[in-house]
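This is what each chain is made of:
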Amino acid sequence: MGRRSRGRRLQQQQRPEDAEDGAEGGGKRGEAGWEGGYPEIVKENKLFEHYYQELKIVPEGEWGQFMDALREPLPATLRITGYKSHAKEILHCLKNKYFKELEDLEVDGQKVEVPQPLSWYPEELAWHTNLSRKILRKSPQLEKFHQFLVSETESGNISRQEAVSMIPPLLLNVRPHHKILDMCAAPGSKTTQLIEMLHADMNVPFPEGFVIANDVDNKRCYLLVHQAKRLSSPCIMVVNHDASSIPRLQIDVDGRKEILFYDRILCDVPCSGDGTMRKNIDVWKKWTTLNSLQLHGLQLRIATRGAEQLAEGGRMVYSTCSLNPIEDEAVIASLLEKSEGALELADVSDELPGLKWMPGITQWKVMTKDGQWFTDWDTVPHSRHTQIRPTMFPPKDLEKLQAMHLERCLRILPHHQNTGGFFVAVLVKKSSMPWNKRQPKLQGKSAETRESTQLSPAGPAEGKPADPSKLESPSFTGTGDTEIAHAAEDLENNGNKKDGVCGPPPSKKMKLFGFKEDPFVFIPEDDPLFPPIEKFYALAPSFPRMNLLTRTTEGKKRQLYMVSKELRNVLLNNSEKMKVINTGIKVWCRNNSGEEFDCAFRLAQEGIYTLYPFINSRIITVSMEDVKILLTQENPFFRKLSSETYSQAKDLAKGSIVLKYEPDSANPDALQCPIVLCGWRGKASIRTFVPKNERLHYLRMMGLEVLGEKKKEGVILTNESAASTGQPENEVPEGQRAGEPNSPDAEEANSPDVTAGCDPAGVHPPR
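Below or above, wherever it landed, is the structure these notes cover. Quick caveat: nothing in here was measured; it's all calculated off a predicted structure.

Relative to the 21 Å expected for 15 residues at 1.5 Å per residue, helix α5 (residues 87–101) spans 20 Å between its end C-alpha atoms, a close match to the ideal helical length. Along α5, the largest kink reaches about 40° and is centred on leucine 94. Residues of α5 that are buried include every one of Ala87, Glu89, Ile90, Leu91, Cys93, Leu94, Tyr98 and Phe99, and no others. At its buried positions, α5 is contacted by β1 (75–80), β5 (126–132), α7 (143–155), β6 (158–159) and α24 (692–701).

Summed over the entire model, instances satisfying the criterion amount to 25 salt bridges. Notably, a salt bridge pairs lysine 190 with aspartate 268, separated by 3.1 Å at the nearest N-O pair. Here aspartate 268 lies in strand β12 (residues 262–268) and lysine 190 lies in helix α9 (residues 189–198), a separation of 78 residues in the sequence. There is no split in this pair, since lysine 190 and aspartate 268 are both buried. Across the pair lysine 229 and glutamate 606 runs a salt bridge, and its minimum N-O distance is 3.6 Å. Of this pair, lysine 229 sits in helix α10 (residues 218–229) while glutamate 606 sits in the loop between β27 (601–603) and α21 (608–611); the two residues are 377 residues apart in sequence, bridging distant segments of the chain. Overall, lysine 229 belongs to the buried group, its relative accessible area being 11%. Judged by relative accessible area, glutamate 606 falls into the buried class, the value being 11%. A single salt-bridge network, built from bridges that share partners, covers Asp328, Glu329 and Arg411.

In total, this model carries 20 aromatic pairs according to the counting rule given. Measuring from ring centre to ring centre gives 5.1 Å for tryptophan 63 and phenylalanine 66, while their planes differ by 40°; the resulting arrangement is tilted. Remark: phenylalanine 66 and tryptophan 63 occur in helix α4 (residues 63–71); sequence separation between them is three residues, near one turn of the helix. Overall, tryptophan 63 belongs to the buried group, its relative accessible area being 17%. Taking the relative accessible area as the measure of exposure, phenylalanine 66 reaches 0% and is therefore buried. Where phenylalanine 638 meets tyrosine 646, the ring centres are 5.6 Å apart and the plane angle is 55°; that geometry is what we call tilted. A relative accessible area of 10% places phenylalanine 638 in the buried class. Three or more aromatic residues link up through ring pairs in this structure, and these residues are Phe206, Phe530, Phe536, Tyr537, Phe543, Trp588 and Phe614. Residue placement shows lysine 365 over the ring face of tryptophan 373; its charged tip is 4.6 Å from the ring centre.

This part covers the pairing of β1. Taking burial as the measure, the six residues of β1 include six buried ones, the bulk of the element. Burial along β1 is two-sided: the residues Pro75, Thr77 and Arg79 and Ala76, Leu78 and Ile80 are all buried. The sheet contact formed by β1 and β5 spans four bridges and is antiparallel. When the bridges of β5 are listed, proline 75 appears paired with serine 132. Strand direction decides the pairing type here: β1 and β6, joined by two bridges, are antiparallel. Considered in β6, the bridge of isoleucine 80 is made with isoleucine 158.

The subject of this paragraph is the sheet that holds strand β31 (residues 686–688). Read across the sheet, four strands follow the order β28-β29-β30-β31 without closing on themselves; strand pairing throughout is mixed. Two strands bound the open sheet, and with one partner strand each, they are β28 (619–622) and β31. Neighbour-to-neighbour, the strand axes of this sheet turn through a mean angle of 40°, independent of strand direction. With four bridges joining them, β28 and strand β29 (residues 655–661) adopt parallel strand pairing. Across the sheet, isoleucine 620 pairs through a bridge with leucine 659, a residue of β29.

To continue, consider the packing of helix α22 (residues 624–632) against α24. Look at α22 against α24: their axes get within 10 Å of each other, and the N-to-C directions meet at 150°. With respect to their mutual orientation, α22 and α24 come out roughly antiparallel. The element α22 and its partner α24 pack so that their crossing is left-handed. On α24, the residues touching Lys628, Leu630, Leu631 and Thr632 of α22 are Arg695, Tyr698 and Leu699. Of the residues that constitute the contact of α22 with α24, the class distribution is four nonpolar, one polar and two charged.

Quick notes on the rules
- Residues numbered from 1 in each chain as written.
- Predicted model: local features only at pLDDT ≥ 70, side-chain atom pairs only at ≥ 80, totals over all residues.
- Heavy atoms only, no water.
- Helix = DSSP H or I, 4+ residues; strand = E, 2+ residues; numbered from the N terminus.
- Expected span 1.5 Å × (residues − 1).
- Bend = angle between axes of the 7 residues up to and from the residue.
- Buried < 20%, exposed > 50% of the residue type's maximum accessible area, 1.4 Å probe, protein only.
- Contact = heavy atoms within 4.5 Å.
- Salt bridge = Lys/Arg side-chain N within 4 Å of Asp/Glu carboxyl O.
- Phe/Tyr/Trp six-rings, centres within 6.5 Å; stacked < 30°, edge-to-face > 60°.
- Lys NZ or Arg CZ within 6 Å of the ring centre and 35° of its normal.
- Pairing = 2+ DSSP bridges.
- Axes fitted to C-alpha atoms, helices over the stretch in contact; angles between N-to-C directions.
- Parallel < 35°, antiparallel > 145°, perpendicular 65-115°, else oblique.
- Left-handed = near helix turned anticlockwise from the far one by under 90°.
- Nonpolar A, V, L, I, M, F, W, Y, C, P; charged D, E, K, R; others polar.

Shown next as structure tokens:
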């Protein structure tokens, strides 16, 4: 049941970042030519209406508005990445350029309203329009705005995310030191929000906190990796486990092994998705109460597992995009009841001023798919016991029910603020769960310095959800910490452990799903690879070299990655129980002809903002005009750059460099956010290694509009270059280019890894 339910969720509940389907326009758009030949889906379901009218989740007199809103396409919403220093510049660019161009515009007979900020989202970082995503994608008049959104999304500066999906991370109230678990994370919109919150202070390259993002679906984990990589954080790890049985991890604390409890847990569970009808219109014809009845047990198991791993005083947010109390209040009530006071619902009514929501309900009934109602467990015939469980009903004890404060749950209805439907509950842990009252610390051996530690990412296979009846017994839901301690010691002391390898190799009997990942190997402290890098870039003594890792055990190390100290701790102590899909950001890449230079590794743009605070050499300060030239021309000669830039570059040896732009506060018209770029100092020229979308982002922030690209010459055409007299100058004459066949510039340009001066994405592709 669990795996089938998960598959159903993947079909019915696509997140905003998933491939944009063309189905959201529905009947009204079909007449205007947006339907594309697909049969029209009638947006009616009598059973749906009967069910929710009977449960009274919609205030009296608002049912018509509720149904009208569900039949309208969902408006496009976007969120500006808040932790990046140029968030204000993006906001300025949106307000003063792209939003102004939408004024007085009509598309398909519909007047385009100027986008407005979401009143409840802090600092005007989230916006909504009255345009559906399909019209935004297809309309010629909106092409420029759509291209901007696509490009900035790919660069990680904007997330196109449904409005209600932004709520759970905000209610988690994350701080940079928090250890966070995202239990059902793919495709990753909420995960990126959590990462942003960790990096609230951009002057701290390594926050103390981290995010472990999990998903049961191996393929969707790679979508999650792609989303997380856009933010270039060393504090994110993507793992692949069944959330209802996600392993409990351990960390080393002052030489002692201790169980890892999370400060914040996001529990956005698989659901029937009837709150997404506005964008997933298949739900209209497929909706039955059976979906909710089948998912309830899985949702309760996931929430229970999350509560077990939450630290005392920690906060867990449970959320669904379903309006059904069987998936919402029933799960929360059952979890509170079995916690025996260890959990309580937090009152968050004043935490998001401006957000309209309905309080959770305290009474509901259960309906079968054929319309039969049951008011309590005692009335359910024995033949229905496999489908309907006692945890689906509200508690009979009215005093106990009142003490739960289910009215503190939040249900967002679509017609109140033109959104999707959603449910959120915020739980705070007051003490250990009753079956885990004894929480002794793990008494493991002191974690000695491991020189070269290979981590095997292979983990357990997905487990089928257990029988619901077993779920209700504490012996099933909780694993005693004493047993965990013994198991950990057994693993640490078993005879299979080789020198320098953390954890045993995977069992031959273990069935692995999905792709086999490369290992995670930390660079040994005495590795001869590092001193030349340290010297070449004059790295600060505080540089955390122990956090460097590679993804290979044999041959040359081609890429070097970096994780935070805390994630290193997690990796080293849990390789035998975790299936890690990805972690770390790329900070250095091996040059194709690295041995010819003082350093075999060049800087990677992906990790430059993390690495820059530790670099004290090979930094060139550039002006805004220099940045424009460097980003629009592939290999500009020194003479094209300012004299200040040339004077800094002329005495540097060939090789990788940092190009830093510092804003001039005296010139308010200039770009007011710092920029750090990776470059290469050649014989007579400088090139940048920056991904194309990131180049376009910086050019837009400087007020340039990209018109096209001359791939042969490696030139990006902008409105400035087009306005200049004559043809763009060919900056690298054929004779001179041919005269430097062995230069790194030429080699890198012809390398399969790098085209047109762009840094490769750095995400490990599926094998």
